[in-house]
Amino acid sequence: MVRTRIAPSPTGFPHIGTVYQALFNYSFAKKNKGSFIVRVEDTDQTRIVPGAEEKIFEALDWFGLPEDESPRKGGDFGPYRQSERLEIYKKYLSELIEKGGAYFCFCTKERLDALRASQSAAKQPIMYDGNCRGLSLEEAKKRLSNEPHVARLKIPHTRKLITRDEIRGDVEFDPTLTEDSILMKSDFFPTYHFAVVVDDHLMKITHVIRGEEWLSSLPKHIVIYDYFGWEKPLFYHTPNLRNPDKSKLSKRHGHANIDWYRKEGFLPEAILNFLCLMGWSYPDQREEFDLSEFINLFDPKDLKPVGPIFDLTKLEWLNGVWIRNMSVQDLRKRLEKFYKDDKDFSVIFESRHIDLMIGLAQSRMKKLSEFRSLVIAPQKQRQFSEEEKETGKKLLGVLQEINHTDWREDIILNYLKNFRDEEGVSMKLIYFLITGREQGLPLIETMVKIEGRDQILENLKKRV
Ligand code: GLU
């Protein structure tokens, strides 16, 4: 039974990287008829941002990546929020201490600060020096009740630390450069390193797919697994997403935040499609496919370890493809949702031509936000100059020559082309004169299908 998970920390806005991980973990679980779990890693209480957890679940819902087990859904392996599992970590920590895999450390902040300063001055690696490693358990226990303390992992210095990553192969770490990291803090909250191992074990996680920034923690996790004698899951560290200038797509960039994509009018399906292409490619190199096609084919071992370029221009293009491939009815539903709080749109969506307008707009927009400028004139319009008004008057005369029965696309097009050639003006100007706007839906279709002869002539008359 395949069980995968994401383990986000609720420390900020919903991050596109979380969706990237969720996509792979969800897809691999579904491919294998397994379970996808969301565990909230909130042990660093100082960094918790209120509302951040809800935002993560909102994002999963928006993308259509529903989890099988989580704090909100429950499950057989709960609780799924680490702050509610403190007793469990305490129990396993005592066990590890008894086994000699961890030890209590009483070093004060002052001592650690001084150590860090001297290591940094001597250009040595900054790490705990094992000062309390030699304390006997008996001695340590006597001091527990009246001295602040933490618990640290005892990294065995004599064995090779080899970690296996299913994408990158074996990676060897130097045990003497691997720190005796803190497993439990003085407030009795576990650290990431300890909680992640205990939970992945107890929650029976079979495949850990996560970002490459966690690869360097893996040797410590391996040591903990081995002390307990637990079977390890398979590990896959996915490449970090990069900006076109190769910098890391970090929290500083606006587009790391999922809310940004929603506001811009990207479709969740298109974003998922795009994310699939970050480190993975379809066997026939196809770029457009949906989630079910991906699920059928995806195996995390096929991910490429090199940082894929997160190119927003490409995402926009792909989003446009998804928009064009939608039925007008579907697109209308998306648009109605997108503009639901925008009062300018209540009239637009009531128009009897709405489906026509959407059909015409469909090929002209890459994002839902672009629908606005296609159907609604901007607040501040440029006024016609006197010269333009003169041209407008002539144009009105020409259009009036076309009678009701001739008000057809091919005929109007001929008239407009002749007018353009005779007057030596641009189609852009003609567009502006007729619609009163610099851009919008295709002209001829608007004149025939949406506005009609009378409306067009009346508007033009008013403006010139
Ligand atoms: N809590 C870690 C995070 O915020 C999880 C890392 C992991 O998946 O092991 O990403």
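Reading the values: the criteria
Residues numbered from 1 in each chain as written. Predicted model: local features only at pLDDT ≥ 70, side-chain atom pairs only at ≥ 80, totals over all residues. Heavy atoms only, no water. Helix = DSSP H or I, 4+ residues; strand = E, 2+ residues; numbered from the N terminus. Rg over C-alpha atoms; globule rule 2.2 N^0.38 Å. Buried < 20%, exposed > 50% of the residue type's maximum accessible area, 1.4 Å probe, protein only. Contact = heavy atoms within 4.5 Å. Core = buried A, V, L, I, M, F, W, Y, C linked by side-chain atoms within 4.5 Å. Pairing = 2+ DSSP bridges. Right-handed = clockwise from strand over helix to strand, strands pointing away. Phe/Tyr/Trp six-rings, centres within 6.5 Å; stacked < 30°, edge-to-face > 60°. Lys NZ or Arg CZ within 6 Å of the ring centre and 35° of its normal. Near = heavy atom within 4 Å. Polar contact = N/O pair within 3.5 Å; in protein donor to acceptor, adjacent residues only side chain to side chain. Areas by Shrake-Rupley, 256 points an atom, 1.4 Å probe, with all protein chains shown as cover. Nonpolar A, V, L, I, M, F, W, Y, C, P; charged D, E, K, R; others polar. Axes fitted to C-alpha atoms, helices over the stretch in contact; angles between N-to-C directions.

Engineer: Can you lay out the overall build of the protein chain for me, pointing to particular residues and giving the numbers?
Structural biologist: Summing up its helical and strand segments, the protein chain has 20 helices and 9 strands in all. For the protein chain, the C-alpha radius of gyration of 31 Å lies well beyond 23 Å, the compact-globule estimate for 464 residues. The dimensions of the protein chain, computed from C-alpha atoms along their principal axes, are 105 × 50 × 35 Å. Taken across its 464 residues, the protein chain has 49% of its residues classed as buried. Counting contacts in the protein chain only where the partners sit at least 6 residues apart, residues at least 24 apart contribute 75% of the total.

Engineer: I'd like a description of the nonpolar core, backed by residues and values.
Structural biologist: Counting residues in hydrophobic clusters, the biggest one holds 68 residues, and the most contacted among them are Leu275, Phe310, Leu335, Phe371 and Val375. Looking at this core element by element, the count peaks at 9 residues for helix H1 (residues 16-31). The contacts of leucine 275, once residues within four sequence positions are left out, are Ile16, Val19, Tyr20, Leu23, Phe24, Leu241 and Phe310.

Engineer: I'd like a rundown of the pairing of strand E2 (residues 35-38), residues and numbers included.
Structural biologist: Here E2 shows a buried face lined by Ser35 and Ile37 and a second buried face lined by Phe36 and Val38. Examined bridge by bridge, strand E1 (residues 3-6) and E2 share 4 bridges and lie parallel to one another. Note on E2: the bridge partner recorded for arginine 5 is isoleucine 37. Following the chain from E1 across H1 to the adjacent parallel E2, one finds a crossover that is right-handed.

Engineer: Give a detailed account of the packing of aromatic side chains, specifying residues and quantitative values.
Structural biologist: Within the structure shown, the criterion is met by 26 aromatic pairs. Between tyrosine 225 and phenylalanine 235, the aromatic rings sit 6.4 Å apart at their centres with planes inclined by 70 degrees, giving edge-to-face as the arrangement. Here tyrosine 225, found in helix H7 (residues 218-228), pairs with phenylalanine 235, found in strand E9 (residues 234-238); they are 10 residues apart in sequence, far enough to count as distant. Phenylalanine 235 shares its class with tyrosine 225; the two are buried. Look at phenylalanine 289 and phenylalanine 294: their rings are 6.5 Å apart centre to centre, the planes differ by 20 degrees, and that puts the pair in the stacked class. In terms of burial, phenylalanine 289 and phenylalanine 294 fall into one category: buried. Following the ring pairs from residue to residue traces out a cluster consisting of Tyr20, Phe24, Trp280, Tyr282, Phe289, Phe294 and Phe298. Across from the ring centre of phenylalanine 106, 4.2 Å away, lies the NZ or CZ of arginine 143, which sits over that ring.

Engineer: Pulling in residues and values, what's your account of the site of the ligand?
Structural biologist: The full set of residues close to the ligand is Arg5, Ala7, Ser9, Glu41, Tyr192, Val196, Arg210 and Trp214. The contact in question runs from an oxygen atom of the ligand to an N or O atom on the side chain of tyrosine 192, over 2.6 Å. Its free accessible area being 300 Å², the ligand has 83% of it covered by the protein chains. Tallied by class, the residues present in the shell around the ligand amount to 4 nonpolar, 1 polar and 3 charged.

Engineer: Report on unusual backbone geometry, specifying residues and quantitative values.
Structural biologist: Note that the residue after glycine 78, namely proline 79, is joined by a cis bond; omega there is -5 degrees. If you trace the backbone, proline 79 turns up in the loop between helix H2 (52-63) and helix H3 (86-99). Even without glycine at this site, lysine 204 takes up a positive phi of about 55 degrees. Mapped onto the fold, lysine 204 is located in the loop between helix H6 (192-202) and strand E8 (207-211). Residue lysine 204 is classed as exposed on the basis of its relative accessible area of 53%.

Engineer: Describe the sheet that holds strand E4 (residues 150-153), naming the residues involved and giving the relevant values.
Structural biologist: An order of E3-E4-E7 is seen for the 3 strands of this open sheet, with the pairing classed as antiparallel. On the outer flanks of this sheet lie strand E3 (102-105) and strand E7 (182-184), each paired with one strand and no other. The mean angle between the axes of side-by-side strands here comes to 45 degrees, regardless of whether they run parallel or antiparallel. Across 2 bridges, the pairing between E4 and E7 is antiparallel. Across the sheet, residue alanine 151 finds its bridge partner in E7, namely methionine 184. Its contacts with the sheet put H3 on E3, E4 and E7, and the angle it makes with E7 is roughly 130 degrees.

Engineer: Go over the pairing of E8, please, and point to the residues and values.
Structural biologist: For E8, the tally of buried residues reaches 5 of 5 residues, placing the bulk of the element in the interior. Alignment of E8 against E9, held across 5 bridges, turns out to be parallel. Paired with arginine 210 across the two strands is histidine 237, which belongs to E9.

Engineer: Could you give an account of the environment of histidine 255, with specific residues and numbers?
Structural biologist: Its place among the elements puts histidine 255 in the loop between E9 and helix H8 (258-264). Here the alpha-carbon distance between histidine 255 and isoleucine 16, two residues 239 residues apart in the chain, equals 7.9 Å. With near-sequence residues (within four places) excluded, histidine 255 lies in contact with Ile16, Asn243, Leu249, Trp260, Tyr261, Phe310 and Leu312. Polar side-chain contacts of histidine 255 include one of 3.3 Å to the side chain of asparagine 243.

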